[in-house]
Amino acid sequence: MAAVYPLIFAALLFSVGVYGLLSRRHAVLVLMSIELMLAAVTVNLVTFWAIAGDALLTGQVFALFVMAIGAAEIGVGLAIIMLIYRNRASVNIDDADLMKY
Amino acid sequence: MSVPEVVMLATGVVGGAAALLVVTSRNVVHSALYLVVALLAVAGVFLVLGAEFVAWAQVLVYVGAVVVLLLFGLMLTRAPIGPTGQGNELGKAMPLAVALAVFAGLVALIVTSYGGEVIALEHVPPAALGEVLYVAWALPFMTLGFLLTLALIGAVVIARREEGEGPLPEPDPDEPEAAEASPPDSSSWPQRQPEPTPDEREVSA
Amino acid sequence: MATSVFALEPLWLALLLQALAALLLFLIGAVVVGYLEHKVLAHMQDRLGPMEAIWHGIGQLPADGLKFLQKEDIIPTAADRWVFALAPAVAVVPGVVVIAVLPFGPGLWLTDLDAGIFFALAASGVTVLGTLMAGWSSANKFSLMGGLRGAAQLISYELPLVLAAAAIVIQAGTLSLPGIVEAQHGFTLFGVPMIYGIPHIIGLGLFFVAALAELSRPPFDMPIADSELIAGHMTEYTGMRYAFFMLSEYAGMVILSALATVLFLGGWYPWPGVGLPEGAAGMVLGFVITFAKILVLSAIMVWLRATFPRMREDQLQRLSWSVLIPLGLLNIVLVATAKVWF
């Protein structure tokens, strides 16, 4: 199978994630965009492992690591969003500017 | 075109479309549901590439846990049916330009570097992955477990309700004590205006 | 090891037959367990249950299905139409998919995945998405509460379920479901052939309790809670869509009972070390034995429903995080130590 298909799919996921991250202001949507970018990274890791045929399965192992870190990030991120919502009644990330100036 | 290529193209198109809908949908809950489709498509790509265990881990961790957590968070932070007003403005030129530039750059890079590359698909049984993961990768794996424990504790500590902190209490006719328990320092924060109760509306009308 | 009876050529025929068989097994399993629930619950409460439809009411569930078909399909005006309409399907599909990897007898499975148990647990976790979608899209506060409770419950009880299964995977040395059955067949405890359920009694208890909570079966039925949430996420559903939710619940009982059968009760063998005859006779006998075990476990689930009152939401969370999960981790340590020791 040509290697460009999964790689372009990953590139698409990543740039969609970039767009979401920059354009949306809903905190949970920003987290989702980051998840899309992480998914793109895992696709790339697995694809490069498939190209290189590494005996240590580095790409797959790293994909698993990225998944675990992504889950941890969601847990902590959502906890922070909950806290902001509880104190400021808003999930717009522009409203979380208490320490800005 | 071979069978794996057709499957890969189909999952890629579905996943890409779902990802686009995630960031453009007007309703955050719809975004989260499209994210499910996009992440399932990623799992499909893993399957085609022969990484079976990673694919099922993707389903278990992301679709089973992360998206459920996200939806849970959305519903706790008020996610009404219909377009969400808050923080949902679209149509900014700059993010679009940046995303398109990133995509164009990546595609150019991929095509020049890996244009002719062909993957010899091989299926890796989970047992093989396990043997590598618990022997060669044992130390990084333990570090990861440590990190996850820290994240768990961190999330609990952050989300815990502390003394004198909490939601801006809405006056509840059933529990008059709840209104008195309002935190003294909450006056500097933007106050959420409580909806008038039906009785109050009738009195004012 | 025997290969699947569905390993035929050409591929498309095998796939078509597999899909049909999965759907059929899903429906039959759900209807049989649904009937079991009607009758067992009724007899435990000293009544007869359905008696009119054919003999002793065995036609009751198909008749109910026909009735559901004729009902009007109502979508509330304020609801989110697409999500509301899709939710029952999302609740049903994982069940049909998981049936494909369950072994019901020697060679009687649709596919043997290398990571069978992992896949089954991953896919059955998707069911809660249906609950969440239904709860949110109904535009009803009770439904939303039901959906939220369902999500919280799934997140906390997925862990003990996976931990209990992981201990068995360590013991058997394989993730494949038929592989676990075969490994269990050769298992001996101090020279006596033994099912995993006896030395792994902690794991069996954990798995069963977590399965009850995954299915939102009493005493863990807070997401549905008829008396406080008026059936939670299902409040606004009518006709076939409601029937889909009921189907997915009963099929979930079949699936988790079948997983418990494979992991702890020796699968299609009557007892480890006791073989089955070769050929078709063995297949039929194996299927009957597996199904009998599934029905016994389902009957115990119904028994618990008749016995226990509903728990409170905070009790449920406390039970999972401060009892079941530590116990599950301890169980893994014990099993791994014992496995290395002996």
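Because the structure is predicted, anything quoted here is derived from the model rather than measured.

Conventions and cut-offs
Residues numbered from 1 in each chain as written. Chains lettered and ligands numbered in written order. Predicted model: local features only at pLDDT ≥ 70, side-chain atom pairs only at ≥ 80, totals over all residues. Heavy atoms only, no water. Helix = DSSP H or I, 4+ residues; strand = E, 2+ residues; numbered from the N terminus. Contact = heavy atoms within 4.5 Å. Buried area = accessible area lost by both parts, 1.4 Å probe. Salt bridge = Lys/Arg side-chain N within 4 Å of Asp/Glu carboxyl O. Polar contact = N/O pair within 3.5 Å; in protein donor to acceptor, adjacent residues only side chain to side chain. Nonpolar A, V, L, I, M, F, W, Y, C, P; charged D, E, K, R; others polar. Phe/Tyr/Trp six-rings, centres within 6.5 Å; stacked < 30°, edge-to-face > 60°. Buried < 20%, exposed > 50% of the residue type's maximum accessible area, 1.4 Å probe, protein only. Lys NZ or Arg CZ within 6 Å of the ring centre and 35° of its normal. Arc of directions from axis to C-beta. Axes fitted to C-alpha atoms, helices over the stretch in contact; angles between N-to-C directions. Left-handed = near helix turned anticlockwise from the far one by under 90°. Parallel < 35°, antiparallel > 145°, perpendicular 65-115°, else oblique.

A. Region of interest: the environment of M194 of chain C. Looking at the element boundaries, M194 of chain C is found in the loop between β2 (192–193) and α8 (201–214). The contact partners of M194 of chain C, leaving out residues within four places of it in the chain, are Q184, F187, T188, L189, P199, W271 and P272 of chain C.

B. Expanded view of the interface of chain C and chain B. Taken residue by residue, the interface counts 28 residues in chain C and 26 residues in chain B. Of the roughly 2200 Å² buried between chain C and chain B on both sides combined, carbon and sulfur atoms contribute 85%. Taken together, chain C and chain B are joined by 0 salt bridges. At the surface where chain C touches chain B, the tally comes to 2 residue pairs in polar contact (both at pLDDT 80 or more). The set of elements that each furnish at least two residues to the side of chain C that touches chain B consists of α4 (116–124), α5 (127–137) and α6 (141–172) of chain C. Its residues placed into classes, the side of chain C that touches chain B shows 23 nonpolar, 2 polar and 3 charged.

C. Highlighting the packing of aromatic side chains. Per the counting criterion, the structure on display carries 16 aromatic pairs over all chains. Judged by centre distance (5.7 Å) and plane angle (55°), the rings of F68 of chain C and Y242 of chain C are tilted. Of this pair, F68 of chain C sits in helix α2 (residues 60–70) while Y242 of chain C sits in helix α10 (residues 239–264), placing them 174 residues apart in sequence. Overall, Y242 of chain C belongs to the partly exposed group, its relative accessible area being 26%. Here the aromatic residues F62 and F65 of chain A together with Y134, W137 and F141 of chain B are joined through ring pairs into a cluster of three or more. The residue whose ring lies beneath K67 of chain C is F68 of chain C, and the NZ or CZ to ring-centre distance is 5.6 Å.

D. Seen up close, unusual backbone geometry. Residues and elements named next belong to chain C. You will see that A139, though not glycine, has its phi angle at about 55°, which is positive. The residue S216 is not glycine, and still its phi comes out positive at about 55°. Structurally, the position occupied by S216 is in the loop between α8 and α9 (226–229). By relative accessible area, which is 14% here, S216 ends up buried.

E. Region of the structure containing helix α5 (residues 126–133) of chain B. Taken together, the buried positions of α5 of chain B are occupied by P126, L129, V132 and L133 of chain B. For α5 of chain B, the angular spread of buried residues about the axis comes to 125°, placing them on one side. Exposed side chains of α5 of chain B directed beyond 90 degrees from the buried face belong to A127 and E131 of chain B. Where α5 of chain B is buried, its residues contact α3 (58–88) of chain A together with α3 (52–76) and α6 (138–159) of chain B.

F. Up close: the interface of chain B and chain A. Between chain B and chain A, the contact holds 91 residues from the first and 72 residues from the second. Summing both sides of the interface, chain B and chain A together bury roughly 7400 Å²; the carbon and sulfur share of this comes to 77%. Between chain B and chain A we count 0 salt bridges in total. Between the two partners, chain B and chain A, sit 3 residue pairs in polar contact (both at pLDDT 80 or more). Mapped by element, the contributors of at least two residues to the side of chain B that touches chain A are α1 (3–24), α2 (28–49), α3, α4 (93–114), α5 and α6 of chain B. Considering each element in turn, the side of chain B that touches chain A owes the most residues, 13 residues, to α1 of chain B. Counted by class, the side of chain B that touches chain A contains 64 nonpolar, 17 polar and 10 charged residues.

G. A look at the packing of α10 of chain C against helix α11 (residues 279–307) of chain C. Residue and element names in this part refer to chain C. Here α10 crosses α11 at 120°, and the two axes come no closer than 9 Å. Crossing hand, α10 versus α11: right-handed. When α10 is examined against α11, the residues M253, V254, S257, A258, A260 and T261 are found in contact with a partner set consisting of T290, K293, I294, L297, S298, M301 and V302. Its residues assigned to classes, the contact of α10 with α11 shows 8 nonpolar, 4 polar and 1 charged.

H. Structural context of the packing of α3 of chain B against α5 of chain C. Look at α3 of chain B against α5 of chain C: their axes get within 10 Å of each other, and the N-to-C directions meet at 15°. Judged on the interaxial angle alone, α5 of chain C and α3 of chain B are roughly parallel. Considering the relative orientation of α3 of chain B and α5 of chain C, their crossing is left-handed. Each of V63, V67, V68, L71 and M75 of chain B in α3 of chain B lies in contact with α5 of chain C, whose residues at this interface are V128, L129, L132 and W136 of chain C. Of the residues in the contact of α3 of chain B with α5 of chain C, the class split is 9 nonpolar, no polar and no charged.

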